[in-house]
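Each chain, written out:
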Amino acid sequence: MAGISMSAQENLDLIPALLAPYKMASFSLSHRIVLAPMSRLRSYNFVAQPHAVLYYSQRTTQGGFLIGEASGVSATAQGYPNTPGVWTKEQVEAWKPVVDAVHKKGGIFFCQLWHAGRASDNCFQPDGQPPISCTDKPIRAKTHIDGVTEASFPAPRKLTTREITRVVDDFRKAARNAMEAGFDGVEIHGANGYLIDQFLKDQVNDRTDEYGGSLENRCRFPLQIVEAVADEIGADRVGIRLSPFADYNDCADSNPEALGLYMARSLNKYGVLYCHMIEPRMITQFDSRKTEDGLLRMRKAFEGTFIVAGGYGRKDGNEVVGSGGADLVAFGRLFLANPDLPRRFELNAALNEYDRNTFYTHDPVVGYTDYPFLETDN
Ligand SMILES: Cc1cc2nc3c(=O)[nH]c(=O)nc-3n(C[C@H](O)[C@H](O)[C@H](O)COP(=O)(O)O)c2cc1C
């Protein structure tokens, strides 16, 4: 019946773009729907907990790509209660069963390496010291990064030139630890107004040494981290997340496009696996605006896998991949509330609504592992 048989190409054409397989260097992804990194504040005393096993495995599919929540690289890295770390042996051991559970279901799991910098408080710092940054100017914003919760931040201590190389080394060691925990790779958290972003952005970075001033100088610390981490675990296991257009945590740049392009081009020199950028439309983590700005120039400049995030749903997710604007799309809130998001997208099924009130609460079940799956799959 040659008349009705389909060619492989025609068959592929029928698959929505988000559900098409993708080869990310040595990783074979079965679809393009990525779990975005999301801090859930349920890692008591900075240690991943057994309940994270269920949370991450619920969101795992065979060949699915998951990015873990921001994990502190050192004792000075934390900025919220109950976020996990990867700088002690205990923390590494605690991650192992979580990573194992994801691997058992065939997922590919990266650890997001994080330093909050000045988006922290003395109460999270060793001996109640001030948090560290590229500057001694505090965050002036009166709300947390979610744009809702009230906040006031202390003045940070400005790192000396020599200390900066130690922080680079903390990222290197944390990457090694993440691999020891079994992760498949790491994502360097260079977004959302945390330490790396503080160095990148000209409205924050007021240094006069080789880490401040020109674009090249402001990107030096982030790129030194990229180089150190890539040397340690291999560039093909390293991604980076950037948000050049955002000004969360009082962290803006006067020329975000130039910054994004400079980083995209520089990353090519290190051959990193992927660049993960947040859409300019995101004003806070949660609210979006209309803007003419886009990520296409950065996408074209970067030679590896390009991941986009920020406000995506099924329709525009398919569009951005289908039009070549991205290879993969990371979904945050929709994946948080829909553990079976790829399946729901496949069936074009209705989605559970997320409950913002439980994003950052500390309960090991409520708002965490109790979002329902599609009934047909139970
Ligand atoms: C509860 C919650 C926690 C988040 N924590 C992180 C984080 O640890 N690291 C990070 O890079 N982004 C974090 N984000 C931002 C998300 O990764 C994502 O960029 C954002 O939610 C926008 O995407 P969405 O519209 O698909 O939700 C968080 C978002 C939410 C909702």
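Residues numbered from 1 in each chain as written. Predicted model: local features only at pLDDT ≥ 70, side-chain atom pairs only at ≥ 80, totals over all residues. Heavy atoms only, no water.

Side note on the packing of aromatic side chains
Spelled out, the test is: Aromatic rings from Phe, Tyr and Trp, taking only the six-membered ring of Trp, are treated as a pair when their centres fall within 6.5 Å; an angle between ring planes under 30 degrees marks them as stacked, one over 60 as edge-to-face, and anything in between as tilted. Helix and strand assignments come from DSSP, with helices taken as H or I runs of at least 4 residues and strands as E runs of at least 2, each series counted from the N terminus. Consider the ring centre and the ring normal. A charge sits over the ring if Lys NZ or Arg CZ is within 6 Å of that centre and within 35 degrees of that normal.
What the rule picks out here adds up to 21 aromatic pairs. An angle of 35 degrees between the planes, with centres 4.2 Å apart, marks the rings of Phe199 and Phe221 as tilted. You can see Phe199 sitting in helix α5 (residues 195–200) and its partner Phe221 sitting in helix α7 (residues 220–233), a full 22 residues away along the chain. Among the aromatic residues, those joined into a cluster by ring pairs are Tyr55, Tyr56, Trp95, Phe109, Phe183 and Tyr368. Above the plane of the ring of Tyr312 lies Arg281, whose end atom (NZ or CZ) is 4.4 Å from the centre.

With respect to the site of the ligand
Where we set the bar: Throughout, near means a residue has at least one heavy atom within 4 Å of the molecule or strand. Any pair of N or O atoms that falls within 3.5 Å is considered a polar contact. Within protein, one atom must be able to donate a hydrogen and the other to accept it, and sequence-neighbouring residues count only if both atoms are side-chain atoms. Calculation of accessible area relied on Shrake-Rupley with a 1.4 Å probe; when residues are assessed, cover is drawn exclusively from the protein chains displayed.
As a structural note, the neighbourhood of the ligand is formed by 18 residues, with Ser39, Arg241, Gly311, Gly332 and Arg333 the closest of them. Within the side chain of Gln285, an N or O atom sits 3.1 Å from a nitrogen atom of the ligand. At 2.7 Å from an oxygen atom of the ligand is found a main-chain nitrogen or oxygen belonging to Gly311. Protein burial of the ligand: of its 600 Å² of free accessible surface, 97% is covered by the chains.

Remarks on the state of the cysteines
As a reminder of what qualifies: Two cysteine sulfur atoms make up a disulfide if the distance between them is within 2.5 Å.
Counting across every chain of the model gives zero disulfides. Of the cysteine sulfurs around Cys134, a residue in no disulfide, the closest is that of Cys251, at 7.7 Å.

Considerations on the UniProt feature "domain: NADH:flavin oxidoreductase/NADH oxidase N-terminal" (unreviewed entry) in the protein chain
What counts is decided by this rule: UniProt positions are given in the numbering used here, feature names are shortened, and annotations may be inferred rather than shown by experiment.
The positions that UniProt labels "domain: NADH:flavin oxidoreductase/NADH oxidase N-terminal" (unreviewed entry) are, in the present scheme, residues 18–350. End-to-end, the C-alpha atoms of residues 18–350 are 17 Å apart, and along that stretch the chain is 33% helix and 16% strand.

Describing the packing of α7 against helix α8 (residues 256–270)
The condition that has to hold: Fitted lines through C-alpha atoms give the axes, limited to the stretch in contact for helices. The angle between two N-to-C directions lies from 0 to 180 degrees. Here the angle decides the label: under 35 degrees means roughly parallel, over 145 means roughly antiparallel, 65 to 115 means roughly perpendicular, and every other value means oblique. What makes a crossing left-handed is the near helix being turned counterclockwise from the far one by less than a right angle; a clockwise turn instead makes it right-handed. Residues are treated as being in contact if the distance between any of their heavy atoms lies within 4.5 Å. Polar here means any residue outside two lists: the nonpolar Ala, Val, Leu, Ile, Met, Phe, Trp, Tyr, Cys and Pro, and the charged Asp, Glu, Lys and Arg; Gly therefore counts as polar.
At a minimum axis distance of 10 Å, the contact between α7 and α8 shows a crossing angle of 25 degrees. Between α7 and α8, the crossing angle belongs to the class labelled roughly parallel. When you trace α7 past α8, the crossing you get is right-handed. Every residue of α8 that contacts α7 at Pro222, Leu223, Val226 and Glu227 is listed here: Tyr262, Met263, Ser266, Leu267 and Tyr270. Residues of the contact of α7 with α8, tallied by class, amount to seven nonpolar, one polar and one charged.

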